[in-house]
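Residue strings, one per chain:
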Amino acid sequence: MPTRRRAAALAAVLLIGSLTACGQEARGGSRYKPEAGKGGTVGLAMPTKSSERWIADGKNMAEQFRKAGYKTDLQYGDDKVENQVAQLENMITKGHRLLVVAAIDGSALTDVIRRAQDAGIPVISYDRLIMGTSGVDYYASFDNERVGELQGRYLVDKLGLKKPEKDSGDSYNIELFAGSPDDNNTKYFWNGAMKVLTPYLKTGQLVVGSKQTKMSQATTLRWDGGTAQKRMDDLISKNYGDRKVDGVLSPYDGISIGVISALKSAGYRGKELPVVTGQDAELASVKSINRGEQTQTVFKDTRKLAKQAVQMGNALLTGKKPKVNNTTDYDNGKKVVPAYLLEPVSVDKSNTQLLVDEGYFTAGQLK
Ligand code: GAL
């Protein structure tokens, strides 16, 4: 081979070699360019503004990332998958340094996350796990199964059931609601609650009046309160002619509000309302709890969740190792995603004051 051609071939080999090295780095731990340090823009992709919690999540993260020295680009997907994908694509094109994503549909982001991965942009799954991709680096959430357990346990305790036992003489009618089928959290909430409820369903101390006991029969697309209200209207009219509903497992405050509207339309008032659980300590639900309508919610402090996401992001971008406390439970089908899980807290009328004491709401807001 003439010298010049040989030199060119060698250069090509070296180039391919170094590209491969970069590619390997891009998949390994050192893709975060620790020398780059703070600064640059963090993309925050939130699902919807229709629920106040996500507004708070976005605001809290934007504030905290800014304080830590980053610019932020906060986008809401209006619960439409195609919007969220377009927003993420845009963030990648703009060269944002980190993406924090609360997915609308956990399984619909595989392609766009691959693009982030190829561009060397780290991704944090926020509250909801992104499925089917190795491009998710970390997961910040609450102990989701525990949330379901708190809801199930509340229902059982509030109905006054002691141990599961046959022939106890107790028999309460309940109905079951689950979250959105495309949200990975849904099955954790459901499984946690059913772990507590199933023994009582077996003894007959609890009876699902509609017989709709499978998660697939109980899901609520996009966690929509109106959809839950329609289903509850239907369940009441078809199954509760001559008996009453004593309890409703609701996984989320927006669903609880829909369920309560259906119950009120069917004539349930005040003390006749069943025990209704919830999640997120949304203002409308906390007020409803104080009024004696919704019975319980599960408080997940979005400020603390934001803090974890910022801790993880800042560590990733400055070459440090994010703190995690769970490396076993959140398998997204491609990898077990290292997670930091926070503890949820059950709230009912007896302790809504906690939300004021913690500065989550002002006393005035709860009036
Ligand atoms: C879930 C989240 C819940 C609730 C629900 C509806 O993913 O974990 O806390 O907010 O979405 O928005």
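Residues numbered from 1 in each chain as written. Predicted model: local features only at pLDDT ≥ 70, side-chain atom pairs only at ≥ 80, totals over all residues. Heavy atoms only, no water.

1. As for the sheet that holds strand β6 (residues 172-176)
And step 1. Pairing in this open sheet of four strands is parallel, and the strands run β7-β6-β8-β9 from one edge to the other. Because the sheet does not close on itself, it has two edges, and the strands there are β7 (206-208) and β9 (275-276).
And step 2. The sheet contact formed by β6 and strand β8 (residues 247-249) spans three bridges and is parallel. When the sheet's bridge partners are listed, Glu 175 is paired in β8 with Val 248.
And step 3. Strand contacts of helix α5 (residues 144-158): β7, β8 and β9, with the helix running at about 175 degrees to β8, the strand carrying the most contacts. (Pairing = 2+ DSSP bridges. Helix = DSSP H or I, 4+ residues; strand = E, 2+ residues; numbered from the N terminus. Contact = heavy atoms within 4.5 Å. Axes fitted to C-alpha atoms, helices over the stretch in contact; angles between N-to-C directions.)

2. Some details on the side chain of Glu 282
And step 1. Tracing the chain through its elements places Glu 282 in the loop between β9 and α10 (283-291).
And step 2. The buried charged residue Glu 282 lacks any salt bridge, with Arg 53 as its nearest oppositely charged partner at 6.1 Å.
And step 3. Setting aside anything within four residues of it in sequence, one finds Glu 282 in contact with Ser 51, Glu 52, Arg 53, Tyr 252, Asp 253 and Phe 361. (Buried < 20%, exposed > 50% of the residue type's maximum accessible area, 1.4 Å probe, protein only. Lys, Arg positive; Asp, Glu negative; His and termini not counted. Salt bridge = Lys/Arg side-chain N within 4 Å of Asp/Glu carboxyl O.)

3. A word on the site of the ligand
And step 1. All residues in the neighbourhood of the ligand are listed as Arg 53, Trp 54, Asp 127, Arg 128, Asp 183, Asn 185, Phe 189, Trp 223, Tyr 252, Gln 279, Asp 280 and Lys 300.
And step 2. Here an oxygen atom of the ligand and a side-chain polar atom of Trp 54 are 3.0 Å apart.
And step 3. Here an oxygen atom of the ligand and a side-chain polar atom of Lys 300 are 2.9 Å apart.
And step 4. For the ligand, whose accessible area on its own is 300 Å², the fraction buried by protein is 98%.
And step 5. At the level of elements, α2 (52-67) and α6 (185-203) are the ones that each hand at least two residues to the shell around the ligand.
And step 6. Within the shell around the ligand, the residues separate by chemical class into four nonpolar, two polar and six charged.
And step 7. Looking at which domains feed residues into the shell around the ligand, each of domain 1 (41-136 + 301-342) and domain 2 (144-299) supplies at least three. (Near = heavy atom within 4 Å. Polar contact = N/O pair within 3.5 Å; in protein donor to acceptor, adjacent residues only side chain to side chain. Areas by Shrake-Rupley, 256 points an atom, 1.4 Å probe, with all protein chains shown as cover. Nonpolar A, V, L, I, M, F, W, Y, C, P; charged D, E, K, R; others polar. Domains from an automatic or database assignment.)

4. A look at the packing of aromatic side chains
A ring pair, where both rings are aromatic, is described by two values, the distance of the centres and the angle of the planes.
And step 1. Under the definition given, this model contains seven aromatic pairs.
And step 2. Residues Phe 299 and Tyr 360 carry aromatic rings whose centres are separated by 4.7 Å and whose planes lie at 70 degrees to one another, so their mutual orientation is edge-to-face. With Phe 299 in strand β10 (residues 296-299) and Tyr 360 in the segment after α12 (353-357), the pair connects residues that are 61 residues apart, well separated along the chain. The same class applies to Phe 299 as to Tyr 360, namely buried.
And step 3. Plain terms: the ring middles of Tyr 360 and Phe 361 are 5.3 Å apart, the flat faces sit at 75 degrees to each other, and that makes the pair edge-to-face.
And step 4. Connected via pairs of aromatic rings, a cluster forms that spans Tyr 139, Tyr 188 and Tyr 330.
And step 5. Directly above the ring of Phe 177 sits Arg 231, whose terminal nitrogen or CZ lies 4.5 Å from the centroid. (Phe/Tyr/Trp six-rings, centres within 6.5 Å; stacked < 30°, edge-to-face > 60°. Lys NZ or Arg CZ within 6 Å of the ring centre and 35° of its normal.)

5. So, the environment of Tyr 76
And step 1. Inspection of the secondary structure assignment puts Tyr 76 in strand β2 (residues 71-76).
And step 2. Note on Tyr 76: relative accessible area 15%, which makes it buried.
And step 3. C-alpha separation for the pair Tyr 76 and Ala 140, spaced 64 residues apart in sequence, amounts to 19 Å.
And step 4. Discounting residues that sit within four places of it in the chain, Tyr 76 has contacts with Met 46, Pro 47, Thr 48, Lys 49, Trp 54, Ile 55, Gly 58, Lys 59 and Gln 87.
And step 5. Here the side chain of Tyr 76 touches Ile 55 through a polar contact of 3.4 Å, landing on its backbone oxygen.

6. A short note on the pairing of β6
And step 1. With four of its five residues buried, β6 lies for the most part within the structure.
And step 2. Pairing geometry for β6 and β7, over three bridges, is parallel. Residue pairing across strands places Ile 174 opposite Val 208, the latter belonging to β7.
And step 3. For the crossover that starts at β6, traverses α6 and ends in the parallel β7, the hand is right-handed. (Right-handed = clockwise from strand over helix to strand, strands pointing away.)

7. Side note on the layout of surface pockets
And step 1. Of the pockets and cavities examined, the largest pocket occupies roughly 400 Å³.
And step 2. In terms of lining residues, the largest pocket is bounded by 20 residues, among which Lys 158, Leu 273, Gly 292, Glu 293 and Thr 295 are the most central.
And step 3. For the lining of the largest pocket, the secondary-structure elements that each account for two or more residues are α5 and α10. (1 Å grid on protein atoms, 1.4 Å probe; cavity = no way out; pocket = protein on both sides within 12 Å on 5 of 7 lines; lining within 4 Å. Points joined across faces, edges and corners; volume = space filled by probe spheres on them.)

8. With respect to the environment of Leu 161
And step 1. As for its position among the elements, Leu 161 is in the loop between α5 and β6.
And step 2. Expressed as a C-alpha distance, the spacing of Leu 161 and Thr 362, which sit 201 residues apart in the sequence, is 35 Å.
And step 3. Apart from residues lying up to four places away in sequence, Leu 161 is in contact with Val 156, Asp 170, Tyr 172, Tyr 200, Gln 205 and Leu 206.

9. Regarding the confidence of the model for the protein chain
And step 1. Taken over all residues, the pLDDT of the protein chain has a mean of 92, while the share at 70 or more is 90%.
And step 2. Here helix α1 (residues 3-27) is the element of the protein chain with the lowest mean pLDDT, 40, and β8 is the one with the highest, 99. (pLDDT = per-residue confidence, 0-100.)

10. Let's talk about the environment of Asp 111
And step 1. Topologically, Asp 111 is positioned in helix α4 (residues 110-118).
And step 2. Since its relative accessible area comes to 53%, Asp 111 is described here as exposed.
And step 3. Separated by 22 residues in sequence, Asp 111 and Thr 133 place their C-alpha atoms 8.6 Å apart.

11. Remarks on the pattern of salt bridges
And step 1. Here the structure, examined in full by the defined rule, presents 21 salt bridges.
And step 2. Where Lys 304 meets Glu 358, a salt bridge forms, and the shortest distance between an N and an O atom there is 4.0 Å. Placement of Lys 304 in helix α11 (residues 302-317) and of Glu 358 in the segment after α12 is noted, with a sequence separation of 54 residues between them.
And step 3. By relative accessible area, which is 43% here, Lys 304 ends up partly exposed.
And step 4. Connected via shared salt-bridge partners are Arg 53, Asp 57, Asp 127, Asp 280 and Lys 300.

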